[in-house]
Amino acid sequence: MIPAMAVHHVPRRRPGGARRALLIGLAGLLALGFLMVPMAVIFAQALSKGWAAWWAAVSHPETLHAIGLSLVVVAVVVPVNAVYGLAVAWAVTKFRFKGKKWLVALVEAPFSVSPIVAGVAALMVYGGSGLLGPWLEEHDIKVMFALPGIVIATLFVTSPFIARELLPLMQLQGTDDEEAALTLGAGGLSIFLRVTLPNVKWALFYGIILCAARSLGEFGAVSVVSGQVRGETMTLPLQIDLLYHDYDSSGAFAAASVLTLLALVTLGLKLLVERFYDREIEDTLAERQG
């Protein structure tokens, strides 16, 4: 028979503690193997010949143009997708209409379509022998193998990101705040700017970061519609691929290190915004339960 004091001092083990530690350790090893080691290799190879060689590779005119073109694409794509995502989320969550499920399915369609297929589809619409190609050529409007084609392909691939971050939160918030503002005499635009938008600002920022990161790294669709013209239509991922296949490994790794640095910056911003985004969801849940 075990004394009462002995029973009292027997440590209690949390159920599943060993299993949880094993899963955390496994996740850490996978992250180390698939993320940290490749990034370390990229920076090690990029700097293997010294900082001077790295800077010479990064400051090469074609690489600089690729970096600038990628940033221009992001600067165009992100605001357009922000407006699109807000419009879709507002329509789906704040209004009642038939076909709402079909609209949501249409928004998510780019997730299920290969980027290369999206690029080919854009080529069949805007290319020289495509649906609108003859009319575009007649009016001397160049879409494919130019900046507009790259923007169109990137817009399609990245279009769901902001909308998908806004939809769950706006559905959770409901329409009570907007209806209260409407009863006080506020107009539609005023309600959106003063009520809806402030309530979802962190979800919007979070979606913008994801959209920007995806735009920077897009390869498949852009490789089809850009034509891969050196010094003209090469985005940073395409430039990395070109340098690697030209057996310029130092230049390829130097360009890849720039893309990795941009990815790390977006990751840091994502982690920062994520804290406020989670708090925004918690506050909304507290209001709903209260």
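Residues numbered from 1 in each chain as written. Predicted model: local features only at pLDDT ≥ 70, side-chain atom pairs only at ≥ 80, totals over all residues. Heavy atoms only, no water.

- Looking up the chain in an unreviewed UniProt entry gives the name ABC-type sulfate transport system, permease component, with the organism given as Paramagnetospirillum magneticum.
- The chain has a UniProt comment under Function (unreviewed entry) that states "Part of the ABC transporter complex CysAWTP (TC 3.A.1.6.1) involved in sulfate/thiosulfate import. Probably responsible for the translocation of the substrate across the membrane."
- Its UniProt record, at the heading Subcellular location (unreviewed entry), says of the chain: "Cell membrane". (UniProt positions renumbered as here; feature names shortened; annotations may be inferred.)

A few points about the UniProt feature "domain: ABC transmembrane type-1" (unreviewed entry) in the chain
In step 1: When the UniProt feature table is mapped onto this chain, "domain: ABC transmembrane type-1" (unreviewed entry) is found at residues 67–273.
In step 2: Across residues 67–273, the secondary structure splits into 79% helix and 0% strand, with the terminal C-alpha atoms separated by 25 Å. (Helix = DSSP H or I, 4+ residues; strand = E, 2+ residues; numbered from the N terminus.)

Quick look at the nonpolar core
In step 1: Among the nonpolar cores identified, the biggest contains 51 residues, and Leu166 and Leu236 are the most heavily contacted of them.
In step 2: Counting residues per element, this core draws most heavily on helix 4 (residues 61–94), at eleven residues.
In step 3: Once residues within four sequence positions are removed from consideration, Leu236 is found in contact with Ala66, Ile67, Ser70, Ala255, Val258, Leu259 and Leu262. (Core = buried A, V, L, I, M, F, W, Y, C linked by side-chain atoms within 4.5 Å. Buried < 20%, exposed > 50% of the residue type's maximum accessible area, 1.4 Å probe, protein only. Contact = heavy atoms within 4.5 Å.)

A short note on the domain arrangement of the chain
In step 1: Annotation of the chain at the domain level lists domain 1 (18–47) and domain 2 (50–289).
In step 2: For domain 1 versus domain 2, the distance between C-alpha centres works out to 27 Å.
In step 3: For the pair domain 1 and domain 2, the summed buried area comes to about 760 Å², and 83% of that belongs to carbon and sulfur atoms.
In step 4: Here domain 1 and domain 2 share one residue pair in polar contact (both at pLDDT 80 or more) between them.
In step 5: Each residue belonging to the side of domain 1 that touches domain 2 can be placed in one class, and the counts come to five nonpolar, one polar and no charged. (Domains from an automatic or database assignment. Buried area = accessible area lost by both parts, 1.4 Å probe. Polar contact = N/O pair within 3.5 Å; in protein donor to acceptor, adjacent residues only side chain to side chain. Nonpolar A, V, L, I, M, F, W, Y, C, P; charged D, E, K, R; others polar.)

With respect to the confidence of the model for the chain
In step 1: Put simply, the chain has an average pLDDT of 88, and 94% of its residues get 70 or more.
In step 2: Within the chain, the lowest mean pLDDT, 47, falls on helix 1 (residues 4–8), and the highest, 96, falls on helix 8 (residues 147–158).
In step 3: The model gives residues 1–8 a pLDDT under 50, and that stretch makes one contact with residues more than four places away or in other chains. (pLDDT = per-residue confidence, 0-100.)

As for a negative patch on the surface
In step 1: There is a patch of like negative charges on the surface, built from Asp177, Asp278, Glu282, Asp283 and Glu287.
In step 2: The leading source of residues in the negative patch is helix 15 (residues 249–289), at four residues.
In step 3: Mapped onto the elements, Asp278 comes out in helix 15.
In step 4: With a relative accessible area of 38%, Asp278 lands in the partly exposed category. (Patch = residues over 30% accessible without salt bridge, like charges linked within 9 Å, V, L, I, M, F, W, Y side chains within 5 Å. Areas by Shrake-Rupley, 256 points an atom, 1.4 Å probe, with all protein chains shown as cover. Salt bridge = Lys/Arg side-chain N within 4 Å of Asp/Glu carboxyl O. Lys, Arg positive; Asp, Glu negative; His and termini not counted. Charge placed at Lys NZ, Arg CZ, Asp CG, Glu CD.)

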